[in-house]
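Structural characterization, general
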Amino acid sequence: MSEPTDQQREVTRLRERVEAGGARKYHQAAAERGKLFARDRIIQLIDVDSFTEDGALANVLAEGLPADGVITGTACIDGRRVCVMANDSTVKAGSWGARTVEKIIRIIERARTTGVPMVYLVDSAGARITDQVQLFPGRRGAGRIFAEQIRASGAIPQVCALFGPSAAGGAYIPAFCDIVIMVAGNASMYLGSPRMVEAVTGEITTVENMGGAALHCGQSGCGHQLVTTEPEALCEVRRYLSYLPSNCLQTAPTAPGVGPQAKQAQALATLVPDNERQAFDVWQLITGIVDEGSWWEIQPLWAKEVSVGFARMGGEPVGVVANNSIHKGGVLFIDSADKAARFIQLCDAFGLPLLFLADVPGFMVGTAVEKAGIIRHGAKLITAVAQATVPKLCVVVRKAYGAGLYAMAGPGFDPEATLALPTAKIAVMGSDAAVSAVYANKIAELDPAERGAFVAARRAEYEADIGLIRLASELVVDAVVLPTELREQIIRRLDAARDGGLWREQSAPRRKHGITPV
């Protein structure tokens, strides 16, 4: 075998230098914080030996900038092709130079044009100010990254795992992804550093208080999943992709159908309280009807009064939107409206049927929420429901009052069916509020000793008027099912909707698009 040439030895040397990343001290500092090297993150994420790197020698002539601080290429996850971008925090804290930006743009373009998911492994201090003219303002500058992400949105899945900072303009990479997974204690997103905030506003703060993982996953809603370790974050990336197709033109991957855990399924018969004021955790209902181990809630720490997430029923992926009365009585607030609306759009973009489990008193009322714009936020949710073209199933678990019925895909929003459990009620408002609104003057005139009986009688009349049998007789609900029958009913109806998909009316749009409520 002939000896390698000088040129071949030089290429080998450069490759080794690039693959080593930054100086050893930066690797050690990262390891002390529980952080993996960017290349090790990729290895843990993907199928064995499936990564093909692009642009490894970017900016190789510069000293101390291997791969210009970002690793990009293609790989496979569970046998499916994906594109990957990973910031290397050992190289100038993962900051962006001109070649960094170009590499990120190119890999997103490849993902979008080839129709495969895009995975972002983010750990970056943002743009290098010293290189701002080269990387920031031009046609192939940093803004093009976000333009490409927006063009790709809804066409391919985009998922971000955030391991460290995502600072300044770089914070928008996570913002334009479908889902953001954040590692507690290390991950952060912010537009201005604490030093900048103090200089501009006088406020003294910390990265954690201003943009830490706990804040974004629990308060701002910018983060979707909070995890404690990097391997856990990578598992969450794989799990997210397992529910979705590679692009919007394909169908979602299926799995063998597995019934719910027997104990959870048996508990359904007595799970839902008759008293609409008695709270219960809707998690128990969801896990009692979906395939065992398949329920994966998104944004579980934010706006908890509504639960959204993916599950499988008979092996087929579905999106679930459920009011959770154990949190704030299941009332819809501004954040929960935004949370549900975005999830509905996500499922609709990638063809996942939507299952709505309604137990909602309506939207919150009062001066504070009106000033904050609950009407426009509620309108966004109802718009998302109306615009969704995937099969929808509405299950009225207990109450579905006022515009809450519309937000949960009630009969007026073309669900495949509106099913009702025996505990279901549909009305403009609950009986207490209705009696108070209609008979307020009469109640005030009555002797206190007579008021209780009068109110009870009016409540009974109202309850009879909105009773389940009345709703079924008027075809407001399509079927009344027992809790133990619910899973089979849902699976059958979603199967019928899928089988009939080709026969749905297809016509050219009469408009370009509607106007999103402000």
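Residues numbered from 1 in each chain as written. Predicted model: local features only at pLDDT ≥ 70, side-chain atom pairs only at ≥ 80, totals over all residues. Heavy atoms only, no water.

1. Concerning empty space enclosed by the protein
Taken as a whole and assessed by the stated rule, the structure comprises three cavities of 30 Å³ or more. For the largest cavity, the full set of lining residues is Asp178, Ile179, His224, Ile298, Gln299, Lys339, Arg342, Phe343 and Leu346. With four residues, helix α14 (residues 334–349) is the single largest residue contributor to the lining of the largest cavity. For the lining of the largest cavity, a count of residues per class yields four nonpolar, two polar and three charged. As a volume, the second largest cavity reaches approximately 40 Å³. Forming the boundary of the second largest cavity are Asn87, Trp96, Val122, Ser124, Ser166, Ala167, Gly170 and Ile173. Listed by contribution, the elements that provide at least two residues to the lining of the second largest cavity are β4 (118–124) and β5 (158–167). (1 Å grid on protein atoms, 1.4 Å probe; cavity = no way out; pocket = protein on both sides within 12 Å on 5 of 7 lines; lining within 4 Å. Points joined across faces, edges and corners; volume = space filled by probe spheres on them. Helix = DSSP H or I, 4+ residues; strand = E, 2+ residues; numbered from the N terminus. Nonpolar A, V, L, I, M, F, W, Y, C, P; charged D, E, K, R; others polar.)

2. Focus on helix α3 (residues 38–45)
An α-helical turn contains 3.6 residues, so a residue and the one three or four places further along point in the same direction. Within α3, burial applies to Ala38, Arg39, Arg41, Ile42 and Leu45. With its buried residues spanning 155 degrees around the axis, α3 presents them on a single face. (Buried < 20%, exposed > 50% of the residue type's maximum accessible area, 1.4 Å probe, protein only. Arc of directions from axis to C-beta.)

3. A word on the environment of proline 422
Relative to the helices and strands, proline 422 resides in the loop between β14 (417–420) and β15 (425–427). We classify proline 422 as partly exposed; its relative accessible area is 44%. Separated by 411 residues in sequence, proline 422 and valine 11 have C-alpha atoms that sit 72 Å apart. In this view, proline 422 contacts Leu468, Val480, Val481, Leu482 and Pro483; residues no more than four positions away in its chain are not counted. (Contact = heavy atoms within 4.5 Å.)

4. Here's the deal with the packing of aromatic side chains
Under the counting rule described, the total for this entry stands at 12 aromatic pairs. Three or more aromatic residues joined by ring pairs make a cluster, and in this case those are Tyr240, Tyr243, Trp296, Phe310 and Phe343. The residue whose ring lies beneath lysine 328 is phenylalanine 333, and the NZ or CZ to ring-centre distance is 4.6 Å. Across from the ring centre of phenylalanine 454, 4.7 Å away, lies the NZ or CZ of arginine 458, which sits over that ring. (Phe/Tyr/Trp six-rings, centres within 6.5 Å; stacked < 30°, edge-to-face > 60°. Lys NZ or Arg CZ within 6 Å of the ring centre and 35° of its normal.)

5. A word on the packing of α14 against helix α16 (residues 374–387)
Where α14 contacts α16, the axes come no closer than 9 Å and their chain directions differ by 20 degrees. By the angle between their directions, the pair α14 and α16 is classed as roughly parallel. Where α14 crosses over α16, the two elements pack in a sense that is left-handed. In contact with Ile334, Ala337, Asp338, Ala340, Ala341, Ile344, Gln345 and Asp348 of α14, α16 contributes Ile374, His377, Gly378, Lys380, Leu381, Ala384, Val385 and Gln387. Within the contact of α14 with α16, the residues separate by chemical class into nine nonpolar, four polar and three charged. (Axes fitted to C-alpha atoms, helices over the stretch in contact; angles between N-to-C directions. Parallel < 35°, antiparallel > 145°, perpendicular 65-115°, else oblique. Left-handed = near helix turned anticlockwise from the far one by under 90°.)

6. Overview of the pattern of salt bridges
Tallying each qualifying case throughout the model produces 29 salt bridges. Between arginine 498 and glutamate 316 there is a salt bridge, with its nearest N and O atoms 3.9 Å apart. A residue pair is termed long-range when its members are at least 10 positions apart, and arginine 498 in helix α21 (residues 486–499) and glutamate 316 in strand β11 (residues 316–323) qualify at 182 residues. For arginine 498, a relative accessible area of 28% puts it in the partly exposed group. According to the relative accessible area criterion, glutamate 316 is partly exposed, its value standing at 24%. A salt bridge links aspartate 495 to arginine 498; the shortest N-O distance between them is 3.2 Å. Of the two residues, aspartate 495 and arginine 498 are both situated in helix α21; the distance of three residues between them amounts to about one turn of the helix. On the basis of relative accessible area, aspartate 495 is assigned to the partly exposed category, the value being 34%. (Salt bridge = Lys/Arg side-chain N within 4 Å of Asp/Glu carboxyl O.)

7. Section: the nonpolar core
In terms of nonpolar packing, the biggest core is built from 71 residues, with Leu121, Phe310, Val321 and Leu381 touching the most fellow members. Looking at this core, the element that brings in the most residues is α14, giving eight residues. Excluding anything up to four places from it in sequence, valine 321 contacts Val306, Ser307, Val308, Ala340, Phe343, Ile344, Leu354, Leu355, Phe356, Leu357 and Met408. Counting 31 residues, the second largest nonpolar core, distinct from the first, contains Ile107, Val116, Ala187 and Ala213. (Core = buried A, V, L, I, M, F, W, Y, C linked by side-chain atoms within 4.5 Å.)

8. Regarding the pairing of strand β12 (residues 354–360)
If a strand is regular, its side chains alternate between the two faces of the sheet. In terms of residue burial, β12 counts as a mostly covered element, since seven of its seven residues are buried. Residue alternation in β12 divides its side chains into two sets, Leu354, Phe356, Ala358 and Val360 and Leu355, Leu357 and Asp359, and both sets are buried. Looking at chain direction, β11 and β12 are connected through four bridges and run parallel. The residue bridging alanine 322 from the neighbouring strand is leucine 357, located in β12. Remark: the β11/α14/β12 crossover connection has right-handed handedness. Bridge analysis of β12 against strand β13 (residues 392–401) gives six bridges, and the strand direction is parallel. For phenylalanine 356, the partnering residue across the bridge sits in β13 and is cysteine 394. (Pairing = 2+ DSSP bridges. Right-handed = clockwise from strand over helix to strand, strands pointing away.)

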